[in-house]
Amino acid sequence: MRRKLAAGNWKMNGTNASLTELQTLIATHPAPQIDILICPPATLIVQAAGLSADSPLQIGAQDCHSAASGAHTGDLSAPMLADAGATAVLLGHSERRQGHNESNGLVADKVSAAHAARLIAILCLGESLAQREAAQTLDVIADQLRQSLPDTATATNTVIAYEPIWAIGTGLTPSTAQIAEVHAFLRAQLGDRFGRDAAMGFRLLYGGSVKPGNAADIFAIANVDGALVGGASLTAHDFSPIITALENAV
Ligand code: PGA
């Protein structure tokens, strides 16, 4: 069985004061039946990993460089993030693809770097509103999956997050049928590439305006193994009910 995953992406939010949210999460969910991951800004990884060391809460990063070290001012490598205490890294988020011109090829190199550093790569993909309206969603997702997922991917070292760009931070969410269609398509694509049995092990997250109020409905959809949550992961008050909804969906 796939172990469900509630992942939070703090994006460029959070200071030392925000670590109390993690303490509240740990205290509220001492023995969760699912995996819980928070990806704070890199400045907080060491402290976050330290305070969650004896708890089930995992800490992740939001990006990494494709190289292990070198002359790349301002960048952080996958081995550095692992050394800081991260166990996972978000890669290919649409805010990186758009804001930093990240291509599928670069994202694939970053996923490979994450795998080499024994980090779980959470590969994000999803269509724009224009692509959805032009009925290109499945083509876009097939291309992103093929081109940004390297052959080193396994169900253990990789999680796929479907995040329609138009649903991120907008309060809009796709219909149940739209999420179900894409997640079934992702499962089938993984099956074509890695074989059906291996494909059944990959965890597929939905992301984009997941909130306490819509989480249970989203988690009831076939092939949705959890969520990647932005805004609603910033406080334990909002993220905790999402964790509980996912536990109840198990
Ligand atoms: P959101 O962000 O939950 O704030 O829409 C999701 C994401 O970008 O991962």
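Here's what I pulled together on the structure shown here. Owing to the predicted nature of the structure, the values given are computational and were not obtained by experimental measurement.

All right, on to the nonpolar core then. If you look at the biggest cluster of nonpolar residues, it comprises 63 residues, and the most contacted ones within it are Leu22, Ile160, Leu186, Phe219 and Phe239. Sorting elements by how many residues they give to this core places helix α11 (residues 236-249) first, with 6 residues. Leaving out residues up to four positions away in the same chain, Phe219 has contacts with Val224, Gly226, Ala227, Ile242, Ala245, Leu246 and Ala249. Core analysis: the second largest hydrophobic core is formed by 12 residues, Leu5, Leu37, Leu90 and Val159 among them.

Turning our eyes to something else, we now look at the site of the ligand. The environment of the ligand is formed by 13 residues, the closest being Lys11, His93, Glu163, Gly169 and Ser209. Glu163 is positioned with one of its side-chain polar atoms (N or O) 2.6 Å from an oxygen atom of the ligand. Separating an oxygen atom of the ligand from a backbone N or O atom of Gly231 is a distance of 2.9 Å. For the ligand, whose unbound accessible area comes to 280 Å², protein coverage reaches 97%. Of the residues belonging to the shell around the ligand, the class tally is 4 nonpolar, 7 polar and 2 charged.

Take the packing of aromatic side chains next. In the structure shown here, the tally under the stated rule is 2 aromatic pairs. Ring geometry for Phe194 against Phe202: centres 5.5 Å apart, planes inclined by 35°, an arrangement best described as tilted. Overall, Phe194 belongs to the partly exposed group, its relative accessible area being 22%.

With that settled, the discussion passes to the environment of Arg196. On the secondary structure map, Arg196 appears in helix α9 (residues 196-201). Relative accessible area serves as the criterion here: at 60%, Arg196 is assigned to the exposed category. Once the C-alpha coordinates of Arg196 and Ala78 are considered, the two residues, 118 residues apart in sequence, prove to be 30 Å apart.

Definitions and cut-offs
- Residues numbered from 1 in each chain as written.
- Predicted model: local features only at pLDDT ≥ 70, side-chain atom pairs only at ≥ 80, totals over all residues.
- Heavy atoms only, no water.
- Core = buried A, V, L, I, M, F, W, Y, C linked by side-chain atoms within 4.5 Å.
- Buried < 20%, exposed > 50% of the residue type's maximum accessible area, 1.4 Å probe, protein only.
- Helix = DSSP H or I, 4+ residues; strand = E, 2+ residues; numbered from the N terminus.
- Contact = heavy atoms within 4.5 Å.
- Near = heavy atom within 4 Å.
- Polar contact = N/O pair within 3.5 Å; in protein donor to acceptor, adjacent residues only side chain to side chain.
- Areas by Shrake-Rupley, 256 points an atom, 1.4 Å probe, with all protein chains shown as cover.
- Nonpolar A, V, L, I, M, F, W, Y, C, P; charged D, E, K, R; others polar.
- Phe/Tyr/Trp six-rings, centres within 6.5 Å; stacked < 30°, edge-to-face > 60°.

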